[in-house]
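# Chains, contacts and geometry: an overview
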Amino acid sequence: MDTKRAAKYPFLKESSEFAEKNGADLDMLLTSDSYEPARKRGKERVLQALEKAEVSHADLMNDYDRLIEVMSYPYARMLVSQIGDRFLTKRYALSEAVRMNSLLSKEDKTTILVVSEELGITSTADRDGTIHMGFPDFLRLASRINSPDWKLINSDIHHGVVYLPQDKFSRLMQNALQDKIESELPLLTPEEYKKYLVRDVEAVKNALNDAKMKMSATNGEGMKMDYLPPCLVRILEMSRNGLNLPHSARFAIVTFLKALGLGYEDIIKVFSESPDFDESKSEYQIKHILGELSGGEGYSPPECKTMKTNGLCYNPDRICEYEWMTHPLKYYRFKARGQQKNAQAPEKKEE
């Protein structure tokens with residue numbers, strides 16, 4: 001058994017076998033003083049996911065260090081499961097997957113094939129390091145990477161097999177692990193285990209609230225009209241003037257306000273300013289977009305290119321012309337940060 005590999009990739013079957021061989025189980029993990037370092041490291045994994053979007057690499061000098069690293073993984077998963085927040089789950093899954101990507105891109109051929117098999121991907125490797133994978137798996141994992149390098153026309157495909165350099169293959173495995181973790185969480189935590197998790201769960205909840213506040217486009221301050229991009233200012237004006245908004249415009253404004261942290265009650269107030277407002281007609285549509293009817297996360301606001309395609313890019317200003325300005329939320333954050341910098345700048349003294 002390769003114990004170092006088991007620790008570096010704690011989602012492997014051999015990681016569970018390594019823990020079992022050493023008599024480590026969930027009871028021991030939660031109650032034994034000897035596993036306090038594993039609990040500490042497990043909490044660290046989750047906190048780093050929130051703070052840095054990547055779990056750090058641990059020192060794995062000996063089998064004890066490796067066992068602690070292996071056991072920290074189920075502990076982190078229990079913390080995430082206990083909180084049951086979708087944002088936290090997705091952030092944690094991404095962070096573990098990014099960590100794996102950085103490791104796998106430098107690994108030997110055997111480890112690459114072991115990891116990919118664990119993730120349900122059939123692959124083979126040439127002596128020169130080129131890795132082969134099936135076209136359906138490639139398409140599934142690469143379709144959400146927005147880069148010209150991943151377009152089919154730029155890929156090396158022969159007879160249904162895709163040929164990839166190791167770094168690109170490990171990037172696809174990142175998506176595969178992220179999907180795997182998201183599909184597995186939340187775990188069902190036995191009632192008798194929950195009392196051992198309370199303190200660390202509370203610490204993670206506090207960090208989660210802080211992270212959401214920092215990542216919010218409004219920093220928890222609600223919507224400010226001065227920061228809105230011209231397209232959404234125009235849509236709001238049309239609504240207030242009683243003009244008939246196309247579905248794409250209603251979708252854009254609702255999802256944008258949702259991303260700013262507004263709930264149904266606040267959003268319906270925005271639409272209520274229209275002279276022909278009828279809540280009975282708007283309620284279903286808004287709640288559907290918010291995800292309240294399905295119990296899901298709701299929809300995300302469209303990018304600038306989608307707004308242009310839908311004919312909703314009204315009165316673009318100089319900020320809209322920047323090459324990096326690809327999303328209305330980027331515009332809002334840019335304006336908000338500019339105002340914050342101005343507020344923090346020391347006043348000039350009159351001479």
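Just above sits the structure.
My aim in this report is to walk through the structure given alongside it, one point at a time. Every value quoted in this text rests on a predicted model; they were computed, and no experiment measured them. (Residues numbered from 1 in each chain as written. Predicted model: local features only at pLDDT ≥ 70, side-chain atom pairs only at ≥ 80, totals over all residues. Heavy atoms only, no water.)

This part covers the overall build of the protein. A count of helical and extended segments in the protein gives 16 helices and four strands. In terms of overall dimensions, the protein has a C-alpha envelope of 70 × 60 × 55 Å along the principal axes. Every one of the 351 residues in the protein was classed for burial, and the buried ones make up 44%. Of the contacts made within the protein by residues no fewer than 6 positions apart, 71% connect residues no fewer than 24 positions apart. Just so you have it, the protein exposes about 19400 Å², and 49% of that area is on carbon and sulfur atoms. (Helix = DSSP H or I, 4+ residues; strand = E, 2+ residues; numbered from the N terminus. Buried < 20%, exposed > 50% of the residue type's maximum accessible area, 1.4 Å probe, protein only. Contact = heavy atoms within 4.5 Å. Areas by Shrake-Rupley, 256 points an atom, 1.4 Å probe, with all protein chains shown as cover.)

Bringing a negative patch on the surface into the picture now. A surface patch of like charges, here negative, comprises Glu265, Asp266, Glu279 and Glu292. Mapped onto the elements of the fold, Glu292 is located in the loop between helix H14 (279-290) and helix H15 (304-309). When its relative accessible area of 46% is taken as the criterion, Glu292 is described as partly exposed. (Patch = residues over 30% accessible without salt bridge, like charges linked within 9 Å, V, L, I, M, F, W, Y side chains within 5 Å. Salt bridge = Lys/Arg side-chain N within 4 Å of Asp/Glu carboxyl O. Lys, Arg positive; Asp, Glu negative; His and termini not counted. Charge placed at Lys NZ, Arg CZ, Asp CG, Glu CD.)

With respect to the helices and strands, the residue Arg5 is situated in helix H1 (residues 3-8). In contact with Arg5, not counting residues within four places along its chain, are Leu12, Glu14, Thr110, Thr111 and Val114.

It is at 10 Å that the axes of helix H12 (residues 247-259) and H14 come closest, and there the two elements cross at 55 degrees. In this view, H12 runs oblique relative to H14, as classed from their interaxial angle. You can see that H12 and H14 cross each other, and the crossing is right-handed. Residues His247, Arg250, Phe251, Val254, Thr255 and Lys258 of H12 form the contact with H14, whose own contacting residues are Ser282, Gln285, Ile286, Ile289 and Leu290. Looking at the contact of H12 with H14 residue by residue, the classes come out as five nonpolar, four polar and two charged. (Axes fitted to C-alpha atoms, helices over the stretch in contact; angles between N-to-C directions. Parallel < 35°, antiparallel > 145°, perpendicular 65-115°, else oblique. Left-handed = near helix turned anticlockwise from the far one by under 90°. Nonpolar A, V, L, I, M, F, W, Y, C, P; charged D, E, K, R; others polar.)

What follows covers the layout of surface pockets. The volume enclosed by the largest pocket comes to roughly 1300 Å³. Sorting the residues of the lining of the largest pocket by element identifies helix H6 (86-104), helix H9 (166-184), helix H10 (191-215), H12 and helix H16 (328-344) as the ones contributing at least two each. The dominant element in the lining of the largest pocket, judged by the number of residues it contributes, is H6, at five residues. Class assignment of the residues belonging to the lining of the largest pocket gives a composition of ten nonpolar, nine polar and eleven charged. Around the second largest pocket sit 21 residues that line it, and Ser16, Leu26, Tyr73, Pro74 and Arg77 are the ones nearest its centre. Looking at the lining of the second largest pocket element by element, the count peaks at six residues for helix H5 (residues 63-83). (1 Å grid on protein atoms, 1.4 Å probe; cavity = no way out; pocket = protein on both sides within 12 Å on 5 of 7 lines; lining within 4 Å. Points joined across faces, edges and corners; volume = space filled by probe spheres on them.)

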